[in-house]
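# Examination of the molecular architecture
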Amino acid sequence: MADHSPPDRIAARRGGETSGAREERQRSRNKGGGHQPAAGGVTGGEAGPARDFPFRRQAYAALDLGTNNCRLLIARPSGDNFTIIDAFSRVVRLGEGLAQSGRLSEAAMERTMDALQVCADKLRRRGVHLARSVATEACRRAANGPAFIERVRAETGLVLDVISAQEEARLAVLGCHILLESSPGPAIIFDIGGGSTELVLVEQGRTVPRILDWHSVPWGVVSLTDTVGIVDGDEARRAAMYADMRDRVRRSFAAFAERLRPFASPRSQIRLLGTSGTVTTLASVHLGLSQYDRQAVDGLIVPAQAMRAVSARLVGLPAAERRQVPCIGDDRASLVVAGCAILESILDIWPAERLGISDRGVREGILRSLITADLRGQQAQAVMRGQKGL
């Protein structure tokens, strides 16, 4: 279900950057390597420019309520891509304690309601024409998830669509696949979330990749940390807790790993692209950034061994010292080790030499879907009007 708002009555802020412009800059930074150029069309080739349609002046929005974060993007179509005109992101920890209780806690729901009210206010101020708001693993699993969804609707007007893990995986692929390195062979796109991890085996096509297989496990940075605990204590205890995390994830990947064997032969030029706070954080540490810089990270290609080295470094630190690492801080210090465990387990079953980093995913996938569907609808209406005028 989508949220609908009246047509835009507020002028857009000037100077937004198109996704296409960012991709061109990233290609220059990677000196020709790293990812493919975006194909024509607002969905990476599915639809072409339509300068005469009024939808180019309208705002679209995508809201992704995850287990750990609440994120919003508002954009307008621009050429074959879109321009971000407003954005919001806040750590809400909606799934905190869910692994033990099976329910969303009152404190977590209050934090999330505050963030969602900010999002609702932005949608109204921007006069968003069409939006889709989705909720993922925390709301899928919680016994009181449906009641929380109804509370959100009643108090904010936002209609949250609790999507399946398969739909979450599809949207993530749609949102970030243009960052896949251009080479033959299969690829895996993965999304390490707060409450779950999705892995999608794809084959590159002319527009969007064809999904060959996919797998979802109920381990994300929040759910795995809540189950095993915050990795801390002396060196032996930290190593034991990390081994426990790795073992749990390994077992949950086992069936998918078997299905991957025919695709990961030594002759295959396998590729790997990750979209999540885990991979962008580890890439930031790898680059030695003093603070997070999306332009430096989104589209980056990192040697897989370098990401394993960053993981080993972070796991080897007590929690208090992890907090002092730039780009980790208090928010991620307790969760990043679980992300490392999941990432290393992915590298075990899909031993690509390089890892692509994406700071885009479900929200961008939603925006591309919305814009394409609206464009096609308006094109069809224009054709019908033209036929009536004959």
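About the thresholds
Residues numbered from 1 in each chain as written. Predicted model: local features only at pLDDT ≥ 70, side-chain atom pairs only at ≥ 80, totals over all residues. Heavy atoms only, no water. Helix = DSSP H or I, 4+ residues; strand = E, 2+ residues; numbered from the N terminus. Expected span 1.5 Å × (residues − 1). Buried < 20%, exposed > 50% of the residue type's maximum accessible area, 1.4 Å probe, protein only. Axes fitted to C-alpha atoms, helices over the stretch in contact; angles between N-to-C directions. Parallel < 35°, antiparallel > 145°, perpendicular 65-115°, else oblique. Left-handed = near helix turned anticlockwise from the far one by under 90°. Contact = heavy atoms within 4.5 Å. Nonpolar A, V, L, I, M, F, W, Y, C, P; charged D, E, K, R; others polar. Polar contact = N/O pair within 3.5 Å; in protein donor to acceptor, adjacent residues only side chain to side chain. Pairing = 2+ DSSP bridges. Core = buried A, V, L, I, M, F, W, Y, C linked by side-chain atoms within 4.5 Å. Salt bridge = Lys/Arg side-chain N within 4 Å of Asp/Glu carboxyl O.

Here helix α6 (residues 165–176) is twelve residues long and its end C-alpha atoms lie 17 Å apart, about the 16 Å a rise of 1.5 Å per residue gives. When you tally the buried positions in α6, you get ten out of twelve residues, the bulk of the element. Along α6, the positions that sit buried rather than exposed are Ala165, Glu167, Glu168, Ala169, Leu171, Ala172, Val173, Leu174, Gly175 and Cys176.

Moving on to the packing of helix α3 (residues 106–125) against helix α5 (residues 145–156). Two numbers describe how α3 lies on α5: the axes approach to 10 Å, and their chain directions differ by 40°. Between α3 and α5, the angle is such that the two are oblique. Regarding α3 and α5, the two cross each other, and that crossing is right-handed. When α3 is examined against α5, the residues Met109, Glu110, Thr112, Met113, Leu116, Gln117, Ala120 and Arg124 are found in contact with a partner set consisting of Phe148, Arg151, Val152, Glu155 and Thr156. Here the residues of the contact of α3 with α5 are counted per class, giving six nonpolar, three polar and four charged.

We now examine helix α9 (residues 277–287). Most of α9 sits inside the fold, with nine of its eleven residues counted as buried. Those residues of α9 lying buried are Gly277, Thr278, Val279, Thr280, Thr281, Leu282, Ala283, Ser284 and Val285. At the N-terminal boundary of α9, the capping side chain belongs to Ser276, with an oxygen 3.3 Å from the backbone nitrogen of Thr278. Just downstream of α9, Gly288 is the residue with a positive phi angle, here 75°.

Let us look at the sheet that holds strand β8 (residues 197–203). Strand order in the open sheet formed by six strands is β9-β8-β7-β10-β12-β11, and the pairing between neighbours is mixed. Two strands in the sheet have a free side with no partner beyond their single neighbour: β9 (210–217) and β11 (301–303). Within this sheet the neighbouring strands show an average axis-to-axis angle of 25°, counted without direction. For β11 and strand β12 (residues 354–358), the ladder comprises three bridges, and the chain directions are antiparallel. Residue pairing across strands places Pro303 opposite Arg354, the latter belonging to β12. Each of β7 (187–192), β8, β9, β10 (271–275) and β12 is contacted by α6, which is oriented at about 55° to β8, the strand it contacts most. Along the sheet, helix α8 (residues 235–260) contacts β7, β8 and β9; its crossing angle with β9, the most-contacted strand, is approximately 160°.

Another point: the pairing of strand β4 (residues 81–91). Note that strand β3 (residues 69–78) and β4 share ten bridges and pair antiparallel. Bridging from a neighbouring strand, Cys70 pairs with Arg90 of β4. Hairpin connection of β3 to β4: two residues between the antiparallel strands, including Gly79 at a positive phi of 60°.

Residue placement: Ser276 occurs in the loop between β10 and α9. Ignoring anything within four residues of it in the chain, the contact list for Ser276 reads Asp191, Ile192 and Ser358.

Before going further, it helps to spend a moment on the nonpolar core. Counting 57 residues, the largest nonpolar core has Ile188, Phe190, Leu224, Leu272, Leu343, Trp350 and Ile357 as its most contacted members. In terms of residue count, helix α14 (residues 336–349) provides more of this core than any other element does, ten residues in total. Sequence-distant contacts of Leu343, defined by excluding residues within four places in its chain, comprise Phe190, Ile192, Val279, Leu282, Met307 and Leu355.

Tallied over the full model, the rule gives 28 salt bridges. In this structure, Asp161 and Arg132 form a salt bridge, with 2.8 Å as the shortest nitrogen-oxygen distance. Here Asp161 is found in strand β6 (residues 160–162), whereas its partner Arg132 is found in strand β5 (residues 130–135), with 29 residues between them in sequence. Asp161 gets classed as buried once you look at its relative accessible area, which sits at 18%. Salt bridges here are not isolated pairs; linked through shared partners, they connect Arg132, Asp161, Glu167 and Arg170.

Within the fold, Ala239 resides in helix α8. For the pair Ala239 and Val315, spaced 76 residues apart in sequence, the C-alpha to C-alpha distance is 7.7 Å.

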